[in-house]
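One-letter residues, chain by chain:
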Amino acid sequence: MDRTPLATAVPRRWLNLGVLAHVDAGKTSLTEALLQLGGAVAERGRVDDGTTQTDSLAMERRRGITIRAAVATFYAADVGVNIVDTPGHPDFIAEVDRSLAVLDGAVLVVSAVEGIQAQTIVLHRALQRLNVPTIFFVNKVDRMGADVDRTIGKIQRYLTESVVVLGSSAERLCADLAGYDDLLLQEWIDGGLPSPDRLWRSLRSLTSGCVVSPVLSGSARTLAGVSELTDAILRLFPTSSDRDLDGPTAGQVFKIERTAKRARLCSIRLRAGSLAVRDHVAQGTVTALQLHQPGGAVPAARATAGQIIQVEGLDQARIGDWIGTRPTGVPTPNFRPPALQSTITAKDPARQNDLYQALAELADIDPLITLRVQHDELHVSLYGKVQQEVIAETLATEYGIDVSLGQPSVICIERPAGRAHAVLRYGEHQYPVTMGLTIEPAPPGSGITLKITAEHGSLPLHVYNTTEAFREAVRGYLNDPLTVGPHGWPVTDVHITLTESGYPPASPRPAEVRATTALVVTEAVRAAGTTICEPIDHIRVEFPADTISEVLKVLARHGAIPETTTTTDDTAVVEAHLRTGSVDALRHELVGAAHGLAVIDAHLHHYAPLR
């Protein structure tokens, strides 16, 4: 790709735009069309040919889906528009949420042929939750079977009634806006039809305030309606202003990659202030900085509010971190942690240690990836099978490690099955520390608690200074031995009482107390025994009311235990409890039962003994 920017001057105002859609609705094709009309590319790329600007990973081009958020830029008038192309597959919903947090506005693409899909509803609700202004673009109007009016009707039925269709007469537009803008209505009554500029001002206020969502239609393939969409984006979405340049630096890390030299490359949305090479922040020192411009990212010495930048040198940064000061009022992305895990093994046994290092590197970047060692096997956390396959491809292409992956399994916990006591006395084991403790079950959800009843004079306070400091240190030492219980799962909901303590003169060192704690806790847990408990989700299933019979059959087959069922003329909602391990299979089966319109919200509710 030609890395030379197509513009000579960097705009002063910036707009960060998300393009979202259900798989195959035409999201990436629309991104290419916007870039072409914006002058950033001479010719549009094609998903089928693997020539698009945003799907840069080989696996993205091969699968025809977006896996990682990517940024492409075009200039229009005095505004620089950064298009953040986000994933649409359910396995990457966390990636979507992290990307949405940096947006000024979003285009939600809906196919005029397939219409609303379950993932469309999920994406729209995420945009609403994060207060991201949204424009709907009804795509594929040139395809056989396309029906714009039907699709708009489904948007109003399943997403929001507060839509304003653009392209109609000024009187129709004014009538639609007057239902939300009392001042505009009064002006219309008093002075007749307001001017087009006045209508746009009203529409901008209502759109940027998330009161209404404009709707346009067209075809990304033929460019029909794309110019009108670009105009609406520039007119209706908020952009950065001079006010944002003042004050302390505030930016959010929403993506981290590795350079060819394995250094962190952080994608950051700057919300306020500026960031320059050699600036010191909590995550490190900026050693290099690139700005997104038409044609690609280019080196720069300094970046200002509104821009999306790539930064090297922040060796302690993780996805979701704030660089500088977090602004007030910025919504926090909300997504559940992965509920599945899979064994992962290098096909070449000699590379197993390399595999561990590679996975540790990936987990160090992304807080949602957890690496565990269980029974001498490596396990990695997952959202679903597609993500599992992507991790395997990433390891093969970026690290040169071919792997074998086990069948995904649900992540469980262990709870003490009874009460037990264990003690180790100095002189009887390798460390100069005496420690005795009792372990017993604690109420579900209480986590790990510690109480000290040992004699005050027996505690090594010459090392820890105070009883409270000693208690906090031992509380931290409990994490390692309780991370992997007898069955390989974390042990929780446990109450520990430290009943006995002692040491010979001039001992012990903190490392020896830590090691002794691990030995005694492990022995006590083994003696008490544990019960494996699996996660149980509370699910809310929303679907068309005319499919209730089939949906209830599917729920019953998967063992869901309904609590409430409510129906309206169009929609039914069932709330139930279901084993977390069954949620993914339920979601797939409901696609057919509910004509692709079942939306499942699932949240961990409790843990129950494994059946």
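No experiment lies behind these values; they were computed from the predicted model shown.

Novice: Tell me about the overall build of the chain, and please be specific about residues and values.
Specialist: For the chain, the count of helices and strands is 17 helices and 31 strands. Against the 2.2 N^0.38 benchmark of 25 Å for 611 residues, the chain shows a C-alpha radius of gyration of 28 Å, consistent with a compact globule. Taken along the three principal axes of its C-alpha coordinates, the chain extends 95 × 65 × 55 Å. Going through the 611 residues of the chain one by one, you find that 52% of them count as buried. Partitioning the contacts of the chain with sequence separation of at least 6, the portion at a separation of at least 24 is 74%.

Novice: Can you lay out the packing of aromatic side chains for me, pointing to particular residues and giving the numbers?
Specialist: Tallying each qualifying case throughout the model produces 2 aromatic pairs. Judged by centre distance (6.1 Å) and plane angle (80°), the rings of W14 and Y75 are edge-to-face. Of this pair, W14 sits in strand β1 (residues 13–21) while Y75 sits in strand β2 (residues 70–76), placing them 61 residues apart in sequence. The exposure classification of W14 matches that of Y75, with both residues buried. For the ring pair Y464 and F470, a centre distance of 5.4 Å and an interplane angle of 65° mean the geometry is edge-to-face. You can call Y464 buried: its relative accessible area is 8%.

Novice: Tell me what's going on with the sheet that holds strand β3 (residues 79–85), and back it up with residues and numbers.
Specialist: Strand order in this open sheet of 7 strands is β2-β3-β1-β4-β5-β7-β6, and the pairing throughout is mixed. Here the strands that pair on one side only, and so sit at the sheet edges, are β2 and β6 (163–165). For this sheet, the mean inter-axis angle between neighbouring strands, taken without regard to orientation, is 25°. Relative to strand β7 (residues 213–217), β6 runs parallel, the two being bridged by 3 bridges. Each residue of the ladder has a partner; that of V163, found in β7, is S213. Packed onto the sheet, helix α4 (residues 118–129) meets β1, β4 (105–111) and β5 (134–139) and runs at close to 165° relative to β4.

Novice: Quick rundown of the environment of D601? Include the residues and the values.
Specialist: Structurally, D601 is set in strand β31 (residues 599–609). Classification of D601 as partly exposed rests on a relative accessible area of 30%. Spatially, the C-alpha atom of D601 lies 8.2 Å from that of H538, the residues being 63 residues apart in sequence. With near-sequence residues (within four places) excluded, D601 lies in contact with R125, H538, I539 and R540.

Novice: Report on unusual backbone geometry, specifying residues and quantitative values.
Specialist: Omega for the peptide link from S507 to P508 comes to -5°, which places this bond in the cis form. Of note, the phi angle at R262 is positive, near 70°, even though the residue is not glycine.

Novice: Would you mind going over the nonpolar core in detail, with residue names and values included?
Specialist: Of all hydrophobic cores here, the largest spans 39 residues; its most connected members are L30, L34, L229 and I233. The element best represented in this core is helix α9 (residues 226–236), accounting for 5 residues.

Novice: So what's going on with the environment of V277? Residues and values would help.
Specialist: Relative to the elements of secondary structure, V277 occurs in the loop between β10 (274–276) and β11 (280–281). When the C-alpha atoms of V277 and T287 are compared, they prove to be 5.6 Å apart, with 10 residues separating the residues in sequence. When sequence neighbours within four positions are dropped, the list of residues in contact with V277 reads V286, T287, A288, L289, A300 and A301.

Novice: I'd like to hear about the pairing of β3, residue by residue, with values.
Specialist: β3 sits mainly inside the fold: 7 of its 7 residues count as buried. Across 7 bridges, the pairing between β1 and β3 is parallel. The residue bridging R13 from the neighbouring strand is V79, located in β3. Across 7 bridges, the pairing between β2 and β3 is antiparallel. Its bridge partner being in β3, F74 is matched across the sheet by V81. Adjacent in sequence and paired antiparallel, β2 and β3 are bridged by 2 residues, among which A77 carries a positive phi angle near 55°.

Novice: Can you break down helix α11 (residues 385–399) residue by residue, with the values?
Specialist: If you check α11, its first and last C-alpha atoms are 21 Å apart, about what 15 residues at 1.5 Å a residue would give, namely 21 Å. Turning to α11, its buried residues are V386, Q387, Q388, V390, I391, A392, E393, T394, L395 and Y399. At the exit of α11 stands G400, carrying a positive phi of roughly 70°.

Basis of the calculations
Residues numbered from 1 in each chain as written. Predicted model: local features only at pLDDT ≥ 70, side-chain atom pairs only at ≥ 80, totals over all residues. Heavy atoms only, no water. Helix = DSSP H or I, 4+ residues; strand = E, 2+ residues; numbered from the N terminus. Rg over C-alpha atoms; globule rule 2.2 N^0.38 Å. Buried < 20%, exposed > 50% of the residue type's maximum accessible area, 1.4 Å probe, protein only. Contact = heavy atoms within 4.5 Å. Phe/Tyr/Trp six-rings, centres within 6.5 Å; stacked < 30°, edge-to-face > 60°. Pairing = 2+ DSSP bridges. Axes fitted to C-alpha atoms, helices over the stretch in contact; angles between N-to-C directions. Core = buried A, V, L, I, M, F, W, Y, C linked by side-chain atoms within 4.5 Å. Expected span 1.5 Å × (residues − 1).

The analysis is restricted to geometry; functional conclusions fall outside its scope.
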